[in-house]
Amino acid sequence: MAASRHAHTLEPTVEALGGWVQAPAHTGKSIFARSIADTAGGRHGSPADPLDVPGLIPMGVFIQRFWRSDDELFAGRLLAEVERAFHLDPDRARSRLPRLDPDTSDPAARSDWLLSVIATARQMNPPPGDAPVLLVIDGLDELTPEERPLRVLDMIPKPERLPFWLHVVITSRRPEDTDCPAWIGTRLGARLSGDNINLLRVDAGDAGYRAVLRDYADRVLGRRLDDAVFAQILDRAEGLFLFVSFLVEQLAFGRLALDGLGALPKGEALFVNFLNNLRQDLGGRRLQSEAEEILLMLAAEERAHAWQVGEGLDMALAEEAKLPGMAERPPSTDRGADLLTDEIDWRGLPLDTLAQMLDRDRGTELDSVFLYAVYRLKATLGVDRGGSGAALYRLWLKDLAQLIATDPDLGRRLPRAHARAARFGLEARSGTARTLAHAVLAQDDDLLREVRDGNQLLEAAFAQGNHHQTQTSLHHTATRHWNTALTLLFARRSARTADLPNDDNHLAAAYMNRATAKGQAQGPAQALPDYDAAITLRETLRDALAAAGHPWPPAWQNNLANAYMNRAVAKRNAQGPAQALPDYDAAISLMETLRDTLAAAGHAWPPAWQNDLAAAYVNRANAKSEAQGPAQALPDYDAAITLRETLRDALAAAGHTWPPAWQNNLAAAYMNRAVAKLVSGENAGGQSDLTVAQRLSHDLVSRFGEECPKAWRALLVNTEKAIEITRQSPS
């Protein structure tokens, strides 16, 4: 399958679909890779196909400098790309796609995992015919081997292992380049050797490469440049696409005259010269200042994003490792699930958000000087118009954010841009992880304490996590918000000098909620480590309070009981009912002890906690029925029914409403006990329980009509079917 020239990007010719593209830095490798992964056709109807391969399903993993050598982050990004390319529901995909075992010492198992993930996705949403799949892996040479072994390499299948429908394109610098890590030649070179690998080597001086640059310049400028002029561009750009594209864009937007090319510096100094001349190019002082504020804010946002997926994530995981019991906890099976943002790649800000952060939003319109400054900066800004949302603006020039940070004037003002963004986040109570990142990068201790130790961001993270957790398609997004809450609390822990019980309680609550979100998005097994952490934190907090002579708040006691119950449910689904029973026992013991303690002190036992105990009895009864037999479950069903009927009568006596959901729970308890009795041979008792369950369910369905929840209506249907079966069966 041959490649054809792409209409809007630099693209060296690739003779076969797949292979290793080697080229010096700044030659356009990443643009080539992204153009294939982002715009190639075949995504079940995508019209564009730069490779001219019918039905091609492309995906890309673009490694960033701040990834270091993280195989689990690579794995998380790959999973996200697979979901996107095959149009998979994230919750369904995370529960069915294979998970990476971070402890495996077998390199083949890692490449087997990658192949299995893509093959499983292909089965979940089969493409037409034998449509090929293309995986682009860009930037392998950005990884550094200092922190952990380069296990990412083990994930890359050897050419002979690829199925006929899967093709892989890898990009890196050339092994002999002085700025290329040595392991590219030794380890990657050894892995991708032989006749089965298509090797494309590009040199800045190659005639074919320069022809591509010439075509690019002519296409952007809309005319054929004089050979001498293009030679000047190549000379100033040192023959590299990054700088050629910069000069061509400046010419296209009228910010550079052809007769000014000879006076420009070469290579990276072009960007420094650009910053130095920015004020002169823009003219008026107000416009200069506005343009600088825009550049500073976009640079701050880019740096904050890098913090979220780099230093911030590292800090969170390092602090997590210090928690009680974490030394024995197995490492995460998907570090990508611990990220603080859904976007590993920085795409930019909507224009109205940028205006609001700079206080340029006038309510019905944006400030005119702000809009004109954006227009004048068009050769400097990148605009991402992908997807159905608003266009996103970012710095277009590679490493411009770093240049701004090191510029004597702009670098001095950059912390103020971070501070401004942090205060905007505090007021808006959105982008909680990004706000923390800005506070860290602002180099302002007072602001950092306000952001880190105040409750505004923490409350926002909990509110957003709870909101998304109630929506079936957004459990993975909820996980991100709980990651943010955990990171905020870890930052507090790293700075504090004394124990703060409320913070530790919040930390346990965040783990509990993230466990629930992970269980719904990825499956119960993925939730267990977070339930373990929540339980360990709550028990450690209980013991610390007791040692200090402080009371253990009843609500915290009930929270620990619920943590045991939730972990029991996850264990039952992931490991089996017998493994869940000890946690159910612990939950019930804690709840009953709490009930007795409250009674002895003359305090009321909250109705919701009574309902929790009844639920624990039902869940343990269900587990016992599966693990030990229905007869062993009957005492727990009895206890649950007694509790719920007592609660119903107490609420009625006090003039309070009996929640409809609790009525449905009682009906379900009767239904479950009826089944257990019938299977155990207690036919009369079973039929009696079915009658009660049918009456309770029928009342709910009649009252709510079309608004009755499907689960409640299904319980009535199942109960009536069971009654009919028992009537037809001999006694």
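Note that the structure is predicted; figures quoted are calculated from it, not measured.

J.: Would you mind going over the nonpolar core in detail, with residue names and values included?
T.: Core analysis: the largest hydrophobic core is formed by 80 residues, its most contacted members being L507 and Y511. Look past the residues within four positions of L507 in its chain and what remains in contact with it is L323, L486, L489, F490, R493 and L537. By size, the runner-up hydrophobic cluster in this structure holds 76 residues, among which are I36, L261, M297 and A355.

J.: Quick one: what's the story with the sheet that holds strand β6 (residues 349–350), residue by residue and with numbers?
T.: Strand order in this open sheet of three strands is β6-β8-β7, and the pairing throughout is antiparallel. Strand pairing shows two members of the sheet lacking a second neighbour, β6 and β7 (381–384), which therefore form its edges. Pairing geometry for β6 and strand β8 (residues 392–395), over two bridges, is antiparallel. Bridged to L349 within β8 is Y393.

J.: Account for the confidence of the model for the chain, with residues named and values stated.
T.: The predicted model of the chain averages 84 in pLDDT, with 88% of residues at 70 or higher. Predicted confidence is poor over residues 330–336, with pLDDT under 50, and the contacts of this stretch with residues over four places away or in other chains come to 23 contacts.

J.: I'd like to hear about the pattern of salt bridges, residue by residue, with values.
T.: Evaluation of the coordinates by the stated rule reveals 44 salt bridges. In this structure, R449 and D446 form a salt bridge, with 2.5 Å as the shortest nitrogen-oxygen distance. Of the two residues, R449 and D446 are both situated in helix α19 (residues 445–453); the distance of three residues between them amounts to about one turn of the helix. Take R449: its relative accessible area is 41%, and that puts it in the partly exposed class. Overall, the relative accessible area of 53% leaves D446 in the exposed class. One continuous salt-bridge network, built from bridges that share partners, spans E292, E293, D409, R412, R413 and R420.

J.: Lay out the packing of aromatic side chains with the relevant residues and their values.
T.: The tally for this structure, following the rule as stated, stands at eight aromatic pairs. Between F462 and W482 the ring centres are 5.1 Å apart and the planes differ by 80 degrees, which places this aromatic pair in the edge-to-face class. Of this pair, F462 sits in helix α20 (residues 456–469) while W482 is found in helix α21 (residues 475–495), placing the two residues 20 residues apart along the sequence. Each ring, one from F490 and one from Y511, has its centre 6.5 Å from the other, and the planes form 65 degrees; the classification is edge-to-face. Of this pair, F490 sits in helix α21 while Y511 sits in helix α22 (residues 501–522); the two residues are 21 residues apart in sequence, bridging distant segments of the chain. Note on accessibility: F490 and Y511 belong to one class, buried. Three or more aromatic residues joined by ring pairs make a cluster, and in this case those are F243, F246, F271 and F274. In this arrangement the basic side chain of R542 is found over the ring face of W552, its NZ or CZ atom lying 5.7 Å from the centre.

J.: Any details on the sheet that holds strand β1 (residues 19–22)? Residues and values, ideally.
T.: What the five strands build is an open sheet, ordered β2-β3-β4-β1-β5; its pairing is parallel. The open sheet has two free edges, formed respectively by β2 (57–62) and β5 (199–201), since each of these has just one partner strand. Direction aside, the axes of adjacent strands within the sheet are offset by 15 degrees on average. Set on the sheet, helix α4 (residues 107–124) makes contact with β3 (133–138) and β4 (166–172); between it and β3 the angle comes to about 140 degrees.

How each quantity is defined
Residues numbered from 1 in each chain as written. Predicted model: local features only at pLDDT ≥ 70, side-chain atom pairs only at ≥ 80, totals over all residues. Heavy atoms only, no water. Core = buried A, V, L, I, M, F, W, Y, C linked by side-chain atoms within 4.5 Å. Buried < 20%, exposed > 50% of the residue type's maximum accessible area, 1.4 Å probe, protein only. Contact = heavy atoms within 4.5 Å. Pairing = 2+ DSSP bridges. Helix = DSSP H or I, 4+ residues; strand = E, 2+ residues; numbered from the N terminus. pLDDT = per-residue confidence, 0-100. Salt bridge = Lys/Arg side-chain N within 4 Å of Asp/Glu carboxyl O. Phe/Tyr/Trp six-rings, centres within 6.5 Å; stacked < 30°, edge-to-face > 60°. Lys NZ or Arg CZ within 6 Å of the ring centre and 35° of its normal. Axes fitted to C-alpha atoms, helices over the stretch in contact; angles between N-to-C directions.

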